[in-house]
Amino acid sequence: MLDVVVAVVTTALTNGALYALATIGLSLVWGSMGMLNMAHGGLLALGGYAAYTGSVQLGLPLPLAIVFAMLAGAAMGALLHLLVVRQLLRSSGAGFETAVMIATVGISIALQNALLLLYGGQPLGQPFDVPGSIPVGAGAVPWLNVTIVLVSVGVMAAASLLIARTKMGRAIRATAQNRDAALLMGVPVQRVYLQVLALSGALAGICGVLVSSITQLTPTLGADPMLKAFIMCVVAGLGNLPGAIAAAFGLALVEAAMQFAAGARWGFPTLLLLVIAILIWRPAGLFGRARIQRL
Amino acid sequence: MSDATLSAEAPAAAAAGLPAADRSWTRDLAIGLVVLAIAAALPFLIDSRYVMGQIILALVWASVAVQWNLIFGYAGIFSLAQMAIFAIGGYGCAMLSHYFGWSVWVSIPAGAGGAMLASMVMGLACLRLSGVYVALLTYAIAQVIYLLIVTDTECFYYEGASCRQLTGGATGFARFGSFGTREWLRGDWIMGNYGIVLAGFVLTLLMSWFIIRSPMGLAFKALRDNPAYAVARGVNRFHTQLLVFALSAFFTGLTGGLYAVHFQAIGPDVFSMTNLLFVLAIVVVGGVGTFWGPVAGAVLLMLADEAMRETGEFRTLGLGLIIAAATVLLPKGLAGLAGDLAKRLSSKG
């Protein structure tokens, strides 16, 4: 019995940390730009493959390979802003929300397919690995899972410090609160958007490395964490960072418990039913305050 | 609402409205006749069975795109479950014919009814929410249905020694019935199938035209132009959206049934992201919220798809880039481009 509990809690904590990391990348972009980045899963996959390239093909040491993955994600995020988002902000006005969603769906598919063409469809092993495990009672917790949780928490702490304490973070928060006022106060809003997308890309890059270390490297590896991250975002209320992290751990626990109790295929459907129920009960999300919308 | 009352109201609304609305009514009729004439002439001009097959596929895509344009372009619901609704129609038809031996002529509308019901349940859960939330939930629901079908390994019955699942599992269903065109037209059976799918397409197009011209269409226009005023005048957003969600799902499911019977097979691959993306691309390239946009988009993207088939593996990559480029460069799509060109020409002349 105890070993099952250890296994469920280990899975829940690991997945929760990964979902949370994927979620804050999404939530950051949504909160500050009102943009749902459907290419986030593609960025995750890009990060995973970039670490593989850095470590296996270029022979970099692992920490540098992870930095390489973050740089690749950040560069792609910046590129996304320069080529797509900036143009759409200028041209589509009120239709920005849906236009950017459609455009990023296209980018995501193109990115995944480019990875498929470059690396082939065979799943590759992620070189990032920590061998061994800690015995806990009757079960065992692999060191890899512990590392994933620690790295995720560390990255999230760094990101929140960046947003709370730096000048760049203050500009991001100002833009998120009121774009026009920030613009009038001399905040370079376009540069803030560029920074937000690059930051979110870097977060996606490291998240992709961690996700592929417990699964495998495939071009679609980001799709599942992204879908779950979306759900966490929605449950918590879009743009609410602490809420999203809490939702990520909570829902990961429900999912892991359900997978052990009823079989792996029922984990996600249960999660979804729960989410729909929550949304019918509280349409603005668990921690979201109902906004009074100006029509 | 029956078609008769809708068609009686549509010209009346157009006549009472602006002269521009009147012009677009005759314009739609003119374009429709030209499209129909081309469609009727095609079987006499084309000998190749492969080309006819591709044209049938284009009609299927155009029908699905017209329906998606109705719910996204006009009703403003960004639903990502369109291919799931299509698949439910196809699966419904295949399963009814497979398990109960129903004629496909009965099981296609029955499957469409099933798709409509599924869509209404989905709508009840999603439509009270706004934009992005709807997109996420519909996408997640479609993904769950797909995962449940693909991971279905429980044997429902045995076919010889092989195990078959209730939902067809990862392989799906095949040879559950046909239109009967092979017995009837022998070598020219594909012409028969073409006619049937074309009829479905025309039906779909007419239905969407009547909805756009009906009071419901006016309600959507009102909700889009000034939501506060529309709601104050008694337009119920939730009810109108739910109704159009259900109606469009019926015809999407019907198209799914026609697709399944034409190819005599349906499998979980219809749920794939690439298919959904293709529909999205058709509408975005053609012009969101324009009546003829999806039709033009379907023709153009089928041609682009044929051209990219030569390059094989770059197909999906190209499709993704086309979508991103079209949203950035052609915000109003082909139809918007044509409209701008016409305006420029008439202002010069």
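Residues numbered from 1 in each chain as written. Chains lettered and ligands numbered in written order. Predicted model: local features only at pLDDT ≥ 70, side-chain atom pairs only at ≥ 80, totals over all residues.

**Q** Could you give an account of the overall build of chain B, naming the residues involved and the relevant values?
**A** Across its full length, chain B holds 15 helices and four strands. The C-alpha atoms of chain B give a radius of gyration of 21 Å, which matches the 20 Å a tight globule of 349 residues would have. Within chain B, buried positions represent 46% of all 349 residues. In chain B, the proportion of contacts linking residues at least 24 apart, taken out of those at least 6 apart, comes to 74%. (Helix = DSSP H or I, 4+ residues; strand = E, 2+ residues; numbered from the N terminus. Rg over C-alpha atoms; globule rule 2.2 N^0.38 Å. Buried ≥ 20, exposed ≤ 12 C-beta atoms within 10 Å, placed from the backbone. Contact = placed C-beta atoms within 7 Å.)

**Q** Any chance you could break down the overall build of chain A for me, citing the residues and the numbers?
**A** Broken down by element type, chain A carries eleven helices and two strands. Written out in order from the N terminus, the α and β elements of chain A read α-α-α-α-β-β-α-α-α-α-α-α-α. For chain A, the C-alpha atoms occupy an extent of roughly 60 × 50 × 35 Å along the three principal directions. Sorting the 295 residues of chain A into buried and exposed places 49% on the buried side. Contacts in chain A between residues far apart in sequence, at least 24 positions, make up 75% of those at least 6 positions apart.

**Q** Could you give an account of the nonpolar core, with specific residues and numbers?
**A** Counting residues in hydrophobic clusters, the biggest one holds 205 residues, and the most contacted among them are Met232 of chain A together with Val279, Ala281 and Ile323 of chain B. Per element, the largest residue contribution to this core is 15 residues, and it comes from helix α3 (residues 49–74) of chain B. When residues of this core are assigned to domains, at least three fall in each of domain 1 (66–269) and domain 2 (272–349) of chain B. With residues near it in sequence (within four places) discarded, Met232 of chain A still touches Tyr19, Thr23, Ala244, Ala247, Ala248 and Leu251 of chain A. (Core = buried A, V, L, I, M, F, W, Y, C linked by C-beta atoms within 7 Å. Domains from an automatic or database assignment.)

**Q** Let's hear about the domain arrangement of chain B: which residues, and what values?
**A** All names here are of chain B. Once the domains are mapped, chain B shows domain 1 (66–269) and domain 2 (272–349). Spacing between the C-alpha centres of domain 1 and domain 2 amounts to 22 Å. Of the residues lining the interface, twelve residues belong to domain 1; the matching set on domain 2 comes to ten residues. Those elements that place two or more of their residues in the side of domain 1 that touches domain 2 are α3, α4 (82–100) and α8 (189–213). Among the elements that line the side of domain 1 that touches domain 2, the one with the most residues is α3, at six residues. Looking at side-chain class alone, the side of domain 1 that touches domain 2 contains eight nonpolar, three polar and one charged residues. (Nonpolar A, V, L, I, M, F, W, Y, C, P; charged D, E, K, R; others polar.)

**Q** Account for the interface of chain A and chain B, with residues named and values stated.
**A** Each partner contributes residues to the interface: chain A has 34 residues there, and chain B has 34 residues. Counting only elements with at least two residues in the side of chain A that touches chain B, the list comes to α3 (62–91), α4 (96–119), α9 (223–236) and α11 (267–281) of chain A. Top element by residues in the side of chain A that touches chain B is α4 of chain A. It accounts for 14 residues. Its residues assigned to classes, the side of chain A that touches chain B comprises 26 nonpolar, six polar and two charged.

**Q** Tell me about the confidence of the model for chain B, and please be specific about residues and values.
**A** Residues and elements named next belong to chain B. A residue-level look at chain B finds 92% of positions with pLDDT of 70 or above and a mean pLDDT of 81. Contacts of residues 1–21 to residues separated by more than four positions or lying in other chains number 17 contacts, the stretch itself having pLDDT below 50. With a pTM of 0.81, the predicted complex shows an ipTM of 0.78. (pLDDT = per-residue confidence, 0-100.)

**Q** Give a description of the pairing of strand β1 (residues 133–136) of chain A that names residues and reports values.
**A** Residues and elements named next belong to chain A. Sheet topology places β1 next to strand β2 (residues 139–142); four bridges connect them, and they run antiparallel. Note on β2: the bridge partner recorded for Ser133 is Pro142. What sits between β1 and β2 in their antiparallel hairpin is a turn of two residues, with Gly137 showing a positive phi close to 55 degrees. (Pairing = 2+ DSSP bridges.)

**Q** I'd like a rundown of the environment of Leu301 of chain B, residues and numbers included.
**A** All names here are of chain B. Note that Leu301 resides in helix α13 (residues 293–309). Looking at Leu301, the number of C-beta atoms within 10 Å reads 27, which means it is buried. Setting aside residues up to four positions removed in sequence, Leu301 forms contacts with Phe278, Ala281, Ile282 and Val285.

**Q** Now, about unusual backbone geometry: what can you tell me, with residues and values included?
**A** All names here are of chain B. Although it is not a glycine, Gln264 sits at a positive phi angle of roughly 55 degrees. Tracing the chain through its elements places Gln264 in the loop between α11 (237–263) and β4 (265–266). The exposure class of Gln264 is partly exposed, given the 15 C-beta atoms found within 10 Å.

**Q** Give a description of α3 of chain B that names residues and reports values.
**A** Residue and element names in this part refer to chain B. With 26 residues, α3 extends 36 Å between its outermost C-alpha atoms, agreeing within 8% with the 38 Å of an ideal straight helix rising 1.5 Å per residue. The largest bend along α3 reaches roughly 25 degrees and is located at Trp68. Of the residues trailing α3, Gly76 is marked for its positive phi of about 75 degrees. (Expected span 1.5 Å × (residues − 1). Bend = angle between axes of the 7 residues up to and from the residue.)

**Q** So, the packing of helix α5 (residues 104–126) of chain B against α11 of chain B: which residues are in play, and what are the values?
**A** Residues and elements named next belong to chain B. The N-to-C vectors of α5 and α11 enclose an angle of 145 degrees; their axes lie 7 Å apart at closest approach. Taken as a pair, α5 and α11 cross one another with a handedness that is right-handed. In this structure, α5 uses Val104, Ile108, Pro109, Gly111, Ala112, Gly113, Gly114, Ala115, Met116, Ser119, Met120 and Gly123 to contact α11, whose residues at the interface are Leu242, Phe245, Ala246, Ala249, Phe250, Thr252, Gly253, Leu254, Gly256, Gly257, Leu258 and Val261. Within the contact of α5 with α11, the residues separate by chemical class into 15 nonpolar, nine polar and no charged. (Axes fitted to C-alpha atoms, helices over the stretch in contact; angles between N-to-C directions. Left-handed = near helix turned anticlockwise from the far one by under 90°.)

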